[in-house]
Amino acid sequence: MAKNIWFYSGDITNSGGTERVAITIANELNKCEDFKVSIVSLVEKDEEPFFYVDETIPRYTIYDHVVRGVTHLPGIIRRTRKLMKKHDVDILIDIDGILEMYTIPATAFLKTKVISWEHYNFYQHPVVKYRKYTRKMAARWAAQIITLTDEDKGYYESNLKCRCPVTRIYNPIIWPEKAYEYDKESKTIISAGRLTYQKGFDMLVDIADLFIKKYPDWNWLILGTGEDYEMLDTKIKEKGLENQVILKGEVDNMEYYYSHAAMYVMTSRFEGLPMTLLETKPYKLPLVSFNCKTGPSELIEDGVNGYLVEEDNLEGLAKRIEELIVIPDIRYKFSEEAQYKLERFDYNSIIDQWEKLLTNI
């Protein structure tokens, strides 16, 4: 009999990297006859997910309107438990560690096993401070904790008394249908992600202000939407950068931007495993990034396929970007090594790891 696997989300219709990779894994596992996959969200704000969900995968919601997690905690737990019992769920995968505040109480004394799939690193508690307590809940009562990097796996094992296994499973690289060559003529820098504090786009504007006016034929595109849009737009204009640093908003043709870029820059303050760095690999882009916790150091070999810069060192990051502008041979060299050690992120291998984990749990 197929195991009933549920992916539990705050809102699966969101356009973030967490939702994208969760849907990718769910779609693949749904092809396996050993699993019956469903997706449940606290709420779905849009009619359809931003990313394609296999039409054979059922989707459920706990509420039909947005609710505050803490104030509706008893109701969310009660409704989640009722829905799980109705559908006889074997394994529930939280695609955000904060969801343990609902799922672990909801599964008490049921056969359902909870997997905590953590997309932030151990030391970060974005949005809500009580995320650190849900991690302790996972360490005590989850059946499995999944981290995205070996570094983060070590943080869990050294800081918590985990009663369950902690396993690192990378997010996979999703390769485009066609092969791309690096665009050596490009004079475009790109960065992408939700416009939030985490992604450090406020620092990006300050970094651009240090050098980009010296190169009027270069521009820096920021792809994405979010709550910081107005602040960033104002800051760009105040510094007189509006002709070179451009907020493009949400785009649905990332392949075009990746394939026409000279380099990709990440200014994040923290990550789990940054999906955008993974997404650049098929396009052979040189990378420049802050060496934040966690993930960049597992994707960038400093001086081989890009540059890692000490956190918060805005001048250092600006210097490395400028170096790639004025010395194109370094850009070309980094591009040639862009896919260095990529076998760790092989799509089929990672799906196999998920299948084995779910089979043996």
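It should be emphasised that the depicted structure is a prediction, and the values quoted were computed from it without experimental measurement.

Reading the values: rules and limits
- Residues numbered from 1 in each chain as written.
- Predicted model: local features only at pLDDT ≥ 70, side-chain atom pairs only at ≥ 80, totals over all residues.
- Heavy atoms only, no water.
- Patch = residues over 30% accessible without salt bridge, like charges linked within 9 Å, V, L, I, M, F, W, Y side chains within 5 Å.
- Areas by Shrake-Rupley, 256 points an atom, 1.4 Å probe, with all protein chains shown as cover.
- Salt bridge = Lys/Arg side-chain N within 4 Å of Asp/Glu carboxyl O.
- Lys, Arg positive; Asp, Glu negative; His and termini not counted.
- Charge placed at Lys NZ, Arg CZ, Asp CG, Glu CD.
- Helix = DSSP H or I, 4+ residues; strand = E, 2+ residues; numbered from the N terminus.
- Buried < 20%, exposed > 50% of the residue type's maximum accessible area, 1.4 Å probe, protein only.
- Pairing = 2+ DSSP bridges.
- Axes fitted to C-alpha atoms, helices over the stretch in contact; angles between N-to-C directions.
- Contact = heavy atoms within 4.5 Å.
- Phe/Tyr/Trp six-rings, centres within 6.5 Å; stacked < 30°, edge-to-face > 60°.
- Lys NZ or Arg CZ within 6 Å of the ring centre and 35° of its normal.
- Arc of directions from axis to C-beta.
- Parallel < 35°, antiparallel > 145°, perpendicular 65-115°, else oblique.
- Left-handed = near helix turned anticlockwise from the far one by under 90°.
- Nonpolar A, V, L, I, M, F, W, Y, C, P; charged D, E, K, R; others polar.

**Q** Hey, could you run me through a positive patch on the surface in this one?
**A** A surface patch of positive charge is lined by Arg 78, Arg 79, Lys 82 and Lys 86. Secondary-structure assignment places Arg 79 in helix α2 (residues 73–87).

**Q** Whenever I open this one, the side chain of Asp 228 confuses me. Can you help?
**A** Topologically, Asp 228 is positioned in the loop between β9 (219–223) and α7 (229–238). One buried charged residue, Asp 228, forms no salt bridge at all, with the nearest opposite charge on Arg 269 at 6.6 Å.

**Q** Is there a simple way to think about the sheet that holds strand β2 (residues 35–41) in this case?
**A** The pairing of strands in a sheet comes from backbone hydrogen bonds and takes either a parallel or an antiparallel form. The seven strands are arranged β3-β2-β1-β4-β5-β6-β7 in an open sheet whose pairing can be described as parallel. Strands at the two margins of the open sheet, each flanked by one partner only, are β3 (59–61) and β7 (166–168). The sheet shows a mean angle of 25° between the axes of neighbouring strands, taken without regard to direction. Where strand β4 (residues 91–94) lies against strand β5 (residues 113–117), four bridges are found, and the strand directions are parallel. Residue Leu 92 lies in a different strand from β5, and its bridge partner there is Val 114. Against the sheet, α2 makes contact with β1 (3–9), β2, β3 and β4, and its axis sits at roughly 155° relative to β1, the strand it touches most.

**Q** Explanation requested: the packing of aromatic side chains in the structure shown.
**A** We describe a pair of aromatic rings using the distance from one ring centre to the other and the angle between the two ring planes. The final tally for this structure, using the stated rule, is 14 aromatic pairs. Taking the centre distance of 6.2 Å and the plane angle of 40° together, the rings of Phe 211 and Trp 220 count as tilted. The burial state of Phe 211 is the same as that of Trp 220; both residues are buried. Three or more aromatic residues joined by ring pairs form one cluster here, namely Phe 122, Tyr 123, Tyr 155 and Tyr 156. The aromatic ring of Tyr 170 is capped on one face by Arg 168, whose charged end is 4.0 Å from the ring centroid. Above the plane of the ring of Tyr 332 lies Lys 184, whose end atom (NZ or CZ) is 4.7 Å from the centre.

**Q** Teacher, can you tell me more about helix α5 (residues 150–159) here?
**A** For an α-helix, the turn length of 3.6 residues means that residues three or four places apart are oriented alike. Taken residue by residue, α5 has Asp 152, Tyr 155 and Tyr 156 as its buried positions. The buried side chains of α5 occupy one side of the element, clustering within an arc of 95° when seen end-on. Those residues of α5 hidden inside the fold are in contact with α4 (131–141), β6 (144–147) and β7.

**Q** Any chance you could explain the sheet that holds strand β11 (residues 263–266) here in plain terms?
**A** A sheet is described by the order of its strands in space; here six strands give the open sequence β10-β9-β8-β11-β12-β13, paired in parallel fashion. Each of the sheet's edge strands pairs with one partner strand only, and the pair in question is β10 (245–249) and β13 (306–309). Direction aside, the axes of adjacent strands within the sheet are offset by 20° on average. Where β9 meets β10, four bridges bridge the pair, whose relative direction is parallel. Note on β10: the bridge partner recorded for Leu 221 is Ile 246. The sheet contacts of helix α6 (residues 201–209) involve β8 (188–192), β9, β10 and β12 (287–290), and relative to β9 the element is tilted by about 175°.

**Q** When you look at the environment of Ile 145 in this model, what are you seeing that I'm missing?
**A** Mapped onto the elements, Ile 145 comes out in strand β6. By relative accessible area, which is 0% here, Ile 145 ends up buried. Linking Ile 145 and Arg 135, residues 10 residues apart in sequence, is a C-alpha distance of 9.2 Å.

**Q** Is there a simple way to think about the packing of α6 against helix α11 (residues 314–326) in this case?
**A** When two helices pack together, you describe them by how their axes are tilted relative to each other and by the distance separating the axes. The N-to-C vectors of α6 and α11 enclose an angle of 60°; their axes lie 9 Å apart at closest approach. On the basis of the axis angle, α6 is oblique to α11. In the packing of α6 onto α11, the handedness of the crossing is right-handed. Here Met 203, Asp 206 and Ile 207 of α6 come into contact with α11, specifically with Leu 314, Leu 317, Ala 318 and Ile 321. Taken together, the residues of the contact of α6 with α11 sort by class into six nonpolar, no polar and one charged.

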